[in-house]
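Each chain is listed here by its residues.
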Amino acid sequence: MSAPLIDPFQRTINYLRISVTDRCDFRCAYCMSEDMSFLPKSEVLSLEELERLSSTFVRLGVKKLRLTGGEPLVRRDIMHLFRGLSRHLKSGELEELTVTTNGSQLTRFADEMADLGVRRINVSLDTLDPHKFAAITRWGKFDKVMAGLQAAKQAGLKVKINTVALKGVNDDEIDRLISWCGDEGFDLTFIEVMPMGDIGSVERVDQYLPLTQLRAGIEEKWTLNESDHKTGGPARYVEVMETGQKIGFITPMTHNFCESCNRVRLTCTGMLYMCLGQEDAADLRIPLRESDDDAVLEAAIREAITRKPKGHDFIIDRDHKQPAVGRHMSVTGG
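An account of the accompanying structure is given in this report.

Reading the values: the criteria
Residues numbered from 1 in each chain as written. Predicted model: local features only at pLDDT ≥ 70, side-chain atom pairs only at ≥ 80, totals over all residues. Heavy atoms only, no water. Pairing = 2+ DSSP bridges. Helix = DSSP H or I, 4+ residues; strand = E, 2+ residues; numbered from the N terminus. Axes fitted to C-alpha atoms, helices over the stretch in contact; angles between N-to-C directions. Contact = heavy atoms within 4.5 Å. Parallel < 35°, antiparallel > 145°, perpendicular 65-115°, else oblique. Left-handed = near helix turned anticlockwise from the far one by under 90°. 1 Å grid on protein atoms, 1.4 Å probe; cavity = no way out; pocket = protein on both sides within 12 Å on 5 of 7 lines; lining within 4 Å. Points joined across faces, edges and corners; volume = space filled by probe spheres on them. Nonpolar A, V, L, I, M, F, W, Y, C, P; charged D, E, K, R; others polar. Polar contact = N/O pair within 3.5 Å; in protein donor to acceptor, adjacent residues only side chain to side chain.

What follows concerns the sheet that holds strand E4 (residues 120-124). Strand order in the open sheet made by the 12 strands is E7-E8-E9-E6-E5-E4-E3-E2-E1-E10-E11-E12, with mixed pairing throughout. Both edges of this open sheet fall to strand E7 (224-226) and strand E12 (281-283), since each of them pairs with a single strand only. The sheet shows a mean angle of 25 degrees between the axes of neighbouring strands, taken without regard to direction. Inspection of the sheet shows strand E6 (residues 187-191) paired to strand E9 (residues 246-250) by four bridges, in the parallel sense. Note on E9: the bridge partner recorded for Leu188 is Ile247. On the sheet, helix H8 (residues 211-219) packs against E6, E7, strand E8 (236-240) and E9 and is oriented at approximately 160 degrees with respect to E9.

Printed below as a string of structure tokens:
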């Protein structure tokens, strides 16, 4: 095993999120504009190249890989990548291989993912109202996602629901979501809207709901006990006494969680972003394709980690209407 990846602030980088595609079969109103332009396929790394990059990170001490998108499960032959990476689970070098998905393809892939060693997944779901679901996702099919969630349960996958808190959209459903997750045995994480990418005519300041406000409302009905539960990501968890399930809060706006950041993000074109909220990136496609020597690739990764910033600088208010970064969330996978 090579020496671990340590950033300038002495944080150990052991978690890699890989956006395997920028494409998605939804057009969620806080994430994308409806008329998106996606990358030409010629610019996207092959699945074999993504496997080589991921395996290099595993050798450098990464213990958790999360496949994201866009929607990762719409990428053609995506299970080829899962199969390649699962060998690191079998060897013990990798502790977890997981995925964030919108749920639309889970009826196709849940069983195979479980067979390959995936133990838990995150499913993005912002409402239990089919009409709201259609409005938020624009292209999504609610019944298909519900069927996918049941397929995941039957496959033995532990499910966590990711819900973006949207003022005036789903803030009247919070109690229903908590109750439903309790009935289904799902954990639930609420996420603040982040100012990333142009989303057309929609104003993020009109969508933004601080989670401090949301949590105060939850505590009026539910008993929350602080939890030391950790998943490797930025969420802070509580346990809901009435349901036995956990609720996480991801607060990039109201509480900057960067002090413990252990993550970097790789795009499907080979760009390594050291911070979700900063534009600095390292192009790993060049060393990947110019040399078969993984030492060259390792050196490029190590150099990039020396540039990891202390944190992001997200702001959403009437004076800051432009996105903090031009990338859409779908490019780096959240």
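What follows covers the packing of helix H1 (residues 47-59) against helix H2 (residues 78-91). Between H1 and H2, the shortest axis-to-axis distance is 10 Å and the interhelical angle comes to 25 degrees. As summarised for this structure, H1 and H2 are arranged roughly parallel, according to the angle between their axes. Between H1 and H2 the crossing geometry is right-handed. Residues Leu47, Glu48, Leu50, Glu51, Ser54, Ser55 and Val58 of H1 form the contact with H2, whose participating residues are Ile78, His80, Leu81, Gly84, Leu85, Arg87 and His88.

Attention shifts here to the layout of surface pockets. Considering only enclosed or pocket space, the largest pocket measures out at about 290 Å³ in volume. Val20, Thr21, Asp22, Arg23, Lys41, Val44, Leu47, Val74, Arg75, Arg76 and Cys268 together form the lining of the largest pocket. For the lining of the largest pocket, a count of residues per class yields five nonpolar, one polar and five charged.

Turning our eyes to something else, we now look at the environment of Thr189. Note on placement: Thr189 falls in strand E6. Note: C-alpha distance between Thr189 and Arg236 (47 residues apart in sequence) is 9.0 Å. If we skip the residues at most four places from it in the chain, Thr189 touches Lys160, Ile161, Asn162, Thr163, Ala235, Tyr237, Gly248, Phe249 and Ile250. Among the polar contacts listed, one links the side chain of Thr189 to the side chain of Lys160, at a separation of 3.5 Å.

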